[in-house]
Amino acid sequence: MERLKGKFRRILGVYRRSRLLAAIVDETRWAWRVWVAPQKEMDQAHLRRDWDFEKPLEQKWHLHVLAVLVAQLGEEDWGDTLEIGCSAGGFTTYLARRCRSIAAYDFSPIACGLTAERFAQYPNVRIGRLDLVKDDIPGQYDLVFAMDVMECIMTRRHRKLGAAAKLANALRSGGLLVYTDCRLPKAVRGRWWIWWLPQKADEWAPILTSTSGLRLVFQETYSPEGQSSPGYPEKIIALFRKEA
């Protein structure tokens, strides 16, 4: 028994020392929970505060996205806006100052409740629950955000294609889709031996690029310099214009 315990401690030590192995295990656990019970996992993630958008690194990321948009749209009114995956309303706060109206949706009722409480005094913000795979998006918009949310859709490819088409259909002619997602660590992207892991941005960016009616107008990889949080993932940001 002591020998077995010793082996277990050595294996655990290797896991703790290997950032890559730890990332693979953590991603596998997360993907499994989302696949089995997506709403429960999203609700629990908000209750656990897994995503703290008040952290300096997250605020830096949001400000970077806004700077990219200002370069495309200017500082003026951004019109009617749709936000898919509003979470607790961290990014919605920036949009409320710039957009004529905002429809903020999330899959999690917990997230919707947090956002509704935060924006109770904002007449231009409305909040609702939406399952992008199963539900239709009501209305059309000048600007659509799908930020760090598409990677949470664990389903078959044809349903992912359907979700991408819904985003395109939600845009008015000439409107802009803002897409961002994390990437897996470089050492494991596209590797056959982790076939079970979703490829996140490296899967979704090509799906959106191939979606009828969308034209890619901007794409970059974001990796903050001088980061104080080890393991902060690379992200892809891509902008798509709705063709007439």
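Above this text sits the structure in question.
Residues numbered from 1 in each chain as written. Predicted model: local features only at pLDDT ≥ 70, side-chain atom pairs only at ≥ 80, totals over all residues. Heavy atoms only, no water.

### Examining a nonpolar patch on the surface
Here is step 1: Together, Trp32, Trp35 and Val36 give the surface a local cluster of nonpolar side chains, amounting to about 390 Å² of exposed area.
Here is step 2: Mapped onto the elements of the fold, Trp32 is located in helix H2 (residues 19-36).
Here is step 3: For Trp32, a relative accessible area of 58% translates into the label exposed. (Patch = residues over 30% accessible without salt bridge, like charges linked within 9 Å, V, L, I, M, F, W, Y side chains within 5 Å. Areas by Shrake-Rupley, 256 points an atom, 1.4 Å probe, with all protein chains shown as cover. Salt bridge = Lys/Arg side-chain N within 4 Å of Asp/Glu carboxyl O. Helix = DSSP H or I, 4+ residues; strand = E, 2+ residues; numbered from the N terminus. Buried < 20%, exposed > 50% of the residue type's maximum accessible area, 1.4 Å probe, protein only.)

### Topic: the pairing of strand S2 (residues 101-106)
Here is step 1: With respect to burial, S2 is a largely interior element, six of its six residues being buried.
Here is step 2: Going residue by residue along S2, you find Ser101, Ala103 and Tyr105 tucked away on one face and Ile102, Ala104 and Asp106 tucked away on the opposite face as well.
Here is step 3: When strand S1 (residues 80-84) meets S2, the two strands line up parallel, connected through five bridges. Its bridge partner being in S2, Leu82 is matched across the sheet by Ala103.
Here is step 4: In the sheet, S2 pairs with strand S3 (residues 125-129) via five bridges, with the strands oriented parallel. Note that in S3 the partner of Asp106 across the bridge is Arg129.
Here is step 5: Each parallel crossover has a hand, and for S2 linked through helix H6 (residues 109-118) to S3 it is right-handed. (Pairing = 2+ DSSP bridges. Right-handed = clockwise from strand over helix to strand, strands pointing away.)

### Some points on the sheet that holds S2
Here is step 1: Strands sit in the order S3-S2-S1-S4-S5-S7-S6 across an open sheet of seven strands; the sheet is mixed. Edge positions in the open sheet fall to S3 and strand S6 (214-222), since each of these has one partner strand only. Averaged over all pairs of adjacent strands, the angle between their axes in this sheet comes to 15 degrees, without regard to strand direction.
Here is step 2: Across four bridges, S1 lies against strand S4 (residues 141-147) in parallel orientation. Each bridged residue has a counterpart across the sheet, and for Glu83 the counterpart in S4 is Phe145.
Here is step 3: In the packing of helix H4 (residues 56-73) onto the sheet, the strands contacted are S4, strand S5 (171-182), S6 and strand S7 (235-242), and the crossing angle to S7 comes to about 30 degrees. (Axes fitted to C-alpha atoms, helices over the stretch in contact; angles between N-to-C directions. Contact = heavy atoms within 4.5 Å.)

### So, H4
Here is step 1: The end-to-end C-alpha distance of H4 is 25 Å, a good match for the 26 Å that 18 residues give at a rise of 1.5 Å each.
Here is step 2: Among the residues of H4, Leu57, Glu58, Trp61, His62, Val65, Leu66, Val68 and Leu69 are the ones counted as buried.
Here is step 3: Tucked into the core, H4 has its buried residues touching helix H5 (92-96), S4, S5, S6 and S7.
Here is step 4: Just downstream of H4, Gly74 is the residue with a positive phi angle, here 80 degrees. (Expected span 1.5 Å × (residues − 1).)

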